[in-house]
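The lines below spell out each chain.
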Amino acid sequence: MQHWISNLTRQGVGTVLPNEPMSKYTTWKIGGPADAMVVPENPGQLSRLVRLLHEEQVAWMVVGKGSNMLVSDQGIRGCVIRLGSGLEQIEFDGNEARAGGGASFVRLSIMAGKQGLTGLEFAGGIPGTVGGAVYMNAGAHGSDVSRIFKSADIVLETGELVTYTAEDMKFDYRHSVLHEQRGIVAKAEFMLASGDRLEVAAAMAAYKDRRRKTQPLQQPCAGSVFRNPPGDHSARLIEAAGLKGLRVGGAEVSTLHANFIVNTGQATAEDVLTLMEEIKAAVKGKFGVTLVPEVFFVGER
Ligand SMILES: Cc1cc2nc3c(=O)[nH]c(=O)nc-3n(C[C@H](O)[C@H](O)[C@H](O)COP(=O)(O)OP(=O)(O)OC[C@H]3O[C@@H](n4cnc5c(N)ncnc54)[C@H](O)[C@@H]3O)c2cc1C
Ligand SMILES: NC(=O)C1=CN([C@@H]2O[C@H](COP(=O)(O)OP(=O)(O)OC[C@H]3O[C@@H](n4cnc5c(N)ncnc54)[C@H](OP(=O)(O)O)[C@@H]3O)[C@@H](O)[C@H]2O)C=CC1
Ligand SMILES: C=C(O[C@H]1[C@H](O)[C@@H](CO)O[C@H](OP(=O)(O)OP(=O)(O)OC[C@H]2O[C@@H](n3ccc(=O)[nH]c3=O)[C@H](O)[C@@H]2O)[C@@H]1NC(C)=O)C(=O)O
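All figures in this text were calculated on a predicted structure; none of them were measured in a lab.

Definitions and limits used
Sequence order as written defines the numbering, with residues in each chain counted from 1. Each chain gets a letter, beginning with A, and each ligand a number, beginning with 1, in the order they are written. In keeping with the predicted nature of the model, local features appear solely for residues at pLDDT of at least 70, side-chain atom pairs appear and are counted solely at 80 or more, and the whole-chain, interface and lining totals rest on all residues. The basis for every side-chain value is the complete set of non-hydrogen atoms in the structure, without hydrogens or water. Secondary structure counts use DSSP, requiring at least four H or I residues in a row for a helix and at least two E residues in a row for a strand, with both numbered from the N terminus. The globule rule is 2.2 Å times the number of residues to the power 0.38, and the radius of gyration it is compared with is taken over C-alpha atoms. The classification of residues rests on relative accessible area computed with a 1.4 Å probe and restricted to protein chains. Under 20% of the type maximum is buried, over 50% is exposed, and intermediate values are partly exposed. By definition, residues are in contact when any of their heavy atoms lie within 4.5 Å. Using a 1.4 Å probe, accessible areas were evaluated by the Shrake-Rupley method; residue-level cover was limited to the displayed protein chains. The cutoff for a nearby residue is simple: one of its non-hydrogen atoms must lie within 4 Å of the molecule or strand. Polar contacts, as used here, are pairs of N or O atoms within 3.5 Å; protein pairs need one atom able to donate a hydrogen and one able to accept it. Residues neighboring in sequence count only if both atoms are side-chain atoms. Under the grouping applied here, Gly and all other residues not named as nonpolar or charged are polar, the nonpolar ones being Ala, Val, Leu, Ile, Met, Phe, Trp, Tyr, Cys and Pro and the charged ones Asp, Glu, Lys and Arg.

A. Inspection of the overall build of the protein chain at higher detail. Each helix and strand counted, the protein chain has 8 helices and 18 strands in total. A compact globule built from 301 residues would reach a C-alpha radius of gyration of about 19 Å, and the protein chain, at 19 Å, matches this within 12%. Counting only C-alpha atoms and orienting by the principal axes, one finds that the protein chain spans roughly 55 × 50 × 30 Å. Counting only residues that meet the buried cut, the protein chain has 50% of its 301 residues in that class. The contacts of the protein chain with a sequence gap of at least 6 include a subset with a gap of at least 24, amounting to 65%. Put simply, the protein chain shows about 13,600 Å² of open surface, and 50% of that area lies on carbon and sulfur atoms.

Put into structure tokens, the structure is as follows:
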């Protein structure tokens, strides 16, 4: 076992899982092993873990629910951090919601609705963590995280804990400052408004119904594969290029939604990457538009 892995085991910074298959932690169900996954159970363990990795110069990354991530078949060299139960708590204080970075974003939205709070209805079908949603400025149905975000406690690469406001986060379409400055969202606060419980529930049910009809929720996928180009929809371009149903190995352009790639059973990361390249080439050739991936490819290739 590598020195740093046995060292982490001794340091009490959370559960250490050597050689952990990442396919268990991605919604595509794809990905080779991480050298080690570490699951800190509380903010203190998280800070100490990041500080130790920094001191030992071990490469690390954080995974939420792996719903926007393509992990290489060779897996990930270094440490993958996944937030444990003490970083999944959700609480409400008046119109404010506070959630650990590892909390389910869907669960947060459902609980907010039950409290009679409005603002998180859009999150009902986004199957990630609060940390992943803040990192991505996740959004749907005309809203996104930036509209309700108040602040976040973030552990920086050095282990230092900072509190970032909405301005600090530099939110944009599927973008936050964390794309340039590495850090882990340990906790986030959202400012909601008091609303009508029944109206919130009805809006969420309508969004859910629309998703069921337009997105392949029953097949392993990672949501939209490509960002939308300004003023257009990647799905429209991919469908118009005649690519629905196109397959490479076990990866297929969804026949329901053209910007989703589904794992039909045994897809590898290479299958998905090759299919993405074919889609990009066809759309560029036909419409002159360069599609930009929304999903992150991580690991060794
Ligand atoms: C069926 C389906 C529907 C979807 N619909 C939508 C949608 O409508 N709108 C939308 O925006 N997205 C959608 N997505 C994509 C995805 O759910 C979102 O991007 C989500 O916010 C990712 O969260 P995650 O926890 O799974 O992040 P992951 O995929 O685990 O990670 C994504 C990125 O966030 C980083 N990250 C994760 N946790 C943290 C943390 N605590 N601190 C700092 N960085 C972190 C990771 O390092 C990585 O770079 C959909 C996906 C699926 C499968
Ligand atoms: N295709 C894929 O690869 C994946 C798709 N998904 C989809 O994403 C969505 C969220 O997934 P996940 O984060 O894992 O949460 P869950 O599916 O675990 O949802 C947790 C609970 O919330 C309920 N729920 C989910 N969405 C809504 C909503 N919009 N309004 C009200 N209640 C809701 C669920 O009810 P109920 O059981 O009735 O839905 C369930 O009781 C689900 O629709 C799921 O099917 C999730 C992961 C991977
Ligand atoms: C799923 C994601 O977010 C989704 C989010 O759920 C939905 C709903 O708000 O709006 C975006 O999709 P989208 O632009 O494809 O929205 P949809 O409403 O599904 O489709 C838009 C339009 O594209 C066209 N369309 C869609 C699907 C398809 O197979 N073919 C097609 O031509 C239709 O004209 C449709 O009206 C987000 N995607 C991006 C890249 O911005 C994600 O980011 O992972």
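The rest of the description comes next.
B. View of the site of ligand 1. Ligand 1 sits among 33 residues. The nearest are Val-62, Gly-64, Ser-67, Thr-129 and Gly-139. Note that an oxygen atom of ligand 1 is positioned 2.9 Å from one of the backbone N or O atoms of Gly-66. In this structure, Thr-129 approaches ligand 1 through a side-chain N or O atom, which is 2.7 Å from an oxygen atom. Elements represented by at least two residues in the shell around ligand 1 include exactly strand S3 (60-63), helix H4 (130-136), strand S9 (139-140) and strand S13 (183-191). A breakdown of the residues in the shell around ligand 1 according to their chemical character gives 16 nonpolar, 14 polar and 3 charged.

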